[in-house]
Amino acid sequence: MKLKGIEYDVIEKPPNKRGGTSWIWEEGYCLKNRLDTDAKLTWMCKRCYTKNRVIRTHLMTTTNNSIVHMKQKHFIDKNGAVPRRDVRILQQQAAEQQAKTAAAVRTWTKLDLTRFQELLIRWIVMMHITFS
Ligand SMILES: [Zn+2]
């Protein structure tokens, strides 16, 4: 299987050390980089692939990304179907977090602008003193 120019082998799911994440491998393919054997395993969503031929992959540094994907896109978690209400709450939280971050960025930009104006005025005043 070739994705973004990289050859992958579809392998058996890796052994589960702690348990509790094996279900994610039922829902996804486990891809191993053919050339770079040290590369992290990649999880690819089976549902996205079979339904829409959309390839959704997540590096398996943590299974968390795949779990979030299954929950938000397919309403599935380790216990099976997730009530849509729960998913909506999850999405809402994500949207709120995003809005908060955006607001924080705006505040910072504003602060920086004020600071810049201050410095500029100070500089103009200083230059004025020097040249007058
Ligand atoms: Zn998917």
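Here the structure is shown first, and the text comes after it.
Because the structure is predicted, anything quoted here is derived from the model rather than measured. In this numbering scheme, every chain counts its residues from 1 along its sequence in written order. Residue-level local features of this predicted model are given only where pLDDT is at least 70; pairs of side-chain atoms are given and counted only at 80 or more, and the full residue set underlies all totals for whole chains, interfaces and linings.

Participant: Mind showing me how you'd approach unusual backbone geometry here?
Facilitator: With the exception of glycine, most residues fall at negative phi, and the peptide bonds are largely trans. With a phi close to 55°, Phe 75 is a non-glycine residue in the positive phi region. Numbering of helices and strands starts at the N terminus; helices are DSSP runs of H or I of at least 4 residues and strands are runs of E of at least 2. If you trace the backbone, Phe 75 turns up in the loop between α3 (64–74) and β6 (76–77). Here the C-beta atoms are placed from the backbone, and a residue counts as buried if at least 20 other C-beta atoms lie within 10 Å of its own, exposed if 12 or fewer do, and partly exposed otherwise. Judged by the 14 C-beta atoms lying within 10 Å of it, Phe 75 is partly exposed.

Participant: What's the story with the environment of Gln 91 in this structure? I'm lost.
Facilitator: Here Gln 91 shows up in helix α4 (residues 84–131). Spatially, the C-alpha atoms of Gln 91 and Lys 71 are 10.0 Å apart, while their sequence positions differ by 20 residues.

Participant: Sorry if this is basic, but what is going on with the pairing of strand β3 (residues 28–33) here?
Facilitator: In this sheet, β3 lies alongside strand β2 (residues 6–11) in antiparallel orientation, the contact comprising four bridges. Note that in β3 the partner of Val 10 across the bridge is Leu 31. A pair of strands is considered paired only if DSSP assigns at least 2 bridges between the two. With four bridges joining them, β3 and strand β4 (residues 42–45) adopt antiparallel strand pairing. Within β4, the residue paired with Leu 31 across the bridge is Thr 42.

Participant: Help me understand the environment of Asp 9 in this model?
Facilitator: Among the structural elements, Asp 9 can be located in strand β2. Taking C-alpha positions, Asp 9 is 5.2 Å from Lys 32, a pair spaced 23 residues apart along the chain. Once residues within four sequence positions are removed from consideration, Asp 9 is found in contact with Lys 32 and Arg 34. Each residue is represented by a C-beta atom placed from its backbone, and any two residues with such atoms within 7 Å are regarded as in contact.

Participant: What am I meant to see in the nonpolar core here?
Facilitator: Across soluble globular proteins, nonpolar side chains show a tendency to be buried alongside one another. A set of buried Ala, Val, Leu, Ile, Met, Phe, Trp, Tyr and Cys residues, joined through C-beta atoms within 7 Å, is what we mean by a nonpolar core. Judged by nonpolar contacts, Tyr 8, Ile 24, Leu 31, Trp 43, Met 44, Cys 45, Met 60, Ile 67, Met 70 and Ile 76 together constitute the single largest core of ten residues. It is β4 that contributes the most residues to this core, three residues altogether. Residues within four places of Ile 67 in sequence aside, it is in contact with Ile 24 and Asp 77.

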